Amino acid sequence: SRDASIGELVDYVDANIAKLPAELATQMVLLLEKAQKEYLPELEEEYYAEDVQSDFAAGYVKGMDPNDLHLVSDGKRKELLVKTKAGGFRVETAEGMFWPVIDYEMYKKYSLLVSDDLSAYISIMAAESSQAPAKDAALVIGWNEIVRRVLAQEEFMRKYPDSQKLPEIKELFDRYVAFAFYGANNTPLFDYTAHSFNKDARIVFARVVEANRESDFAQAMGRFLTVAEENGFRLTEAVEAQREALVRELTNPN
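The structure displayed is predicted, hence computed values, not measured ones. (Residues numbered from 1 in each chain as written. Predicted model: local features only at pLDDT ≥ 70, side-chain atom pairs only at ≥ 80, totals over all residues. Heavy atoms only, no water.)

**Some remarks on the overall build of the protein chain**
- Secondary structure assignment for the protein chain yields ten helices and six strands.
- Overall size of the protein chain, expressed as C-alpha extent along the three principal axes, is 60 × 45 × 25 Å.
- Within the protein chain, the proportion of its 254 residues that are buried is 45%.
- For the protein chain, the share of sequence-separated contacts (at least 6 apart) that also reach a separation of at least 24 residues comes to 63%.
- Surface accessibility of the protein chain: about 13600 Å² in total, with carbon and sulfur atoms responsible for 52%.
- Computed over 29 positive and 44 negative side-chain charges, the inter-centroid distance for the protein chain is 3 Å. (Helix = DSSP H or I, 4+ residues; strand = E, 2+ residues; numbered from the N terminus. Buried < 20%, exposed > 50% of the residue type's maximum accessible area, 1.4 Å probe, protein only. Contact = heavy atoms within 4.5 Å. Areas by Shrake-Rupley, 256 points an atom, 1.4 Å probe, with all protein chains shown as cover. Lys, Arg positive; Asp, Glu negative; His and termini not counted. Charge placed at Lys NZ, Arg CZ, Asp CG, Glu CD.)

Pasting the structure below:
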């Protein structure tokens, strides 16, 4: 069956990758990721079954990790979790739903065996799969972590313009630029009542601009802070226009 084969593939890679030269190890990891991506919709189907969702919901304690097998007694859900883990996936939860994602933490053990760009890609994706940036339309990571991720994504694009992983990182980068300049619906950069600039974000952004003179993102953020300051850190039309222009410039660099 497909699920046995994905678990077997993970085992096979684990058992053999260290014997291979970097180029073949890189190919092997890319093939594993491709196999996981192809299998994911099938695994999602199993998760979206009503009895599975209700089983997860019944057994889930808020704040606990839904991947923790010690919290699950035997039965269908445990079987599914074991299979999920064996295939290199983990469970995500938000808004009372549960679904599987690729667990890029698993790939970290291959980092030293593969090409530099793939190693950098693994590091960026592992941050992503371990802690999603937003849930329930709210940011769940701090402004400093958002900026840290943007800078890592930007550096990847600068260092590895020919990487076959460039499209995935560019897509993430665009998403994070929007998080940095807009926040999320339930954690906006400018609050909805006073329209004032989030204080924590302001402190983080100012530090980032100081420390990253070479970064296009940091330079754009510097220009944004200047205009925001001229407008008393309120969301005026001028600030809104500047924000839109800068996001467009960063996300469509051509």
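**Observations concerning a nonpolar patch on the surface**
- Together, Val61, Met64 and Leu71 give the surface a local cluster of nonpolar side chains, amounting to about 260 Å² of exposed area.
- Of note, Met64 is situated in the loop between helix H3 (50–59) and helix H4 (76–86). (Patch = residues over 30% accessible without salt bridge, like charges linked within 9 Å, V, L, I, M, F, W, Y side chains within 5 Å. Salt bridge = Lys/Arg side-chain N within 4 Å of Asp/Glu carboxyl O.)

**Points about helix H5 (residues 116–130)**
- With 15 residues, H5 extends 21 Å from end C-alpha to end C-alpha; this agrees with the ideal 21 Å at 1.5 Å per step.
- Asp117, Leu118, Tyr121, Ile122, Ile124, Met125, Ala126, Ala127, Glu128 and Ser129 are the residues of H5 that are buried.
- On the buried face of H5, the contacting elements are helix H2 (22–48), strand S1 (89–94), strand S2 (97–102), helix H6 (143–159) and helix H7 (166–182). (Expected span 1.5 Å × (residues − 1).)

**A word on the pattern of salt bridges**
- With the rule as written, the count across this model stands at 19 salt bridges.
- Linking Glu128 and Arg149 is a salt bridge whose minimum nitrogen-to-oxygen distance equals 3.3 Å. Here Glu128, found in helix H5, pairs with Arg149, found in helix H6; they are 21 residues apart in sequence, far enough to count as distant. Each of the two residues, Glu128 as well as Arg149, counts as buried.
- Measuring nitrogen to oxygen at the nearest pair gives 3.1 Å for the salt bridge that ties Arg223 to Glu249.

**Some words on the nonpolar core**
- Core analysis: the largest hydrophobic core is formed by 74 residues, its most contacted members being Tyr107, Ile146, Phe181, Phe197, Phe205, Phe217 and Phe224.
- A per-element tally of this core places H2 first, with ten residues.
- Setting aside chain neighbours within four positions, we find Phe197 in contact with Leu189, Phe190, Arg202, Phe205, Phe224, Leu225, Ala228 and Phe233. (Core = buried A, V, L, I, M, F, W, Y, C linked by side-chain atoms within 4.5 Å.)

**Focus: the packing of H2 against H4**
- The interhelical angle for the contact between H2 and H4, taken along N-to-C directions, is 165°, at an axis separation of 12 Å. Judged by the angle between their axes, H2 and H4 are roughly antiparallel. Pair H2 / H4 crosses with left-handed handedness. Residues Tyr39, Leu43, Glu46 and Tyr47 of H2 pack against Leu80, Leu81, Lys83 and Thr84 of H4.
- Taken together, the residues of the contact of H2 with H4 break down into five nonpolar, one polar and two charged. (Axes fitted to C-alpha atoms, helices over the stretch in contact; angles between N-to-C directions. Parallel < 35°, antiparallel > 145°, perpendicular 65-115°, else oblique. Left-handed = near helix turned anticlockwise from the far one by under 90°. Nonpolar A, V, L, I, M, F, W, Y, C, P; charged D, E, K, R; others polar.)

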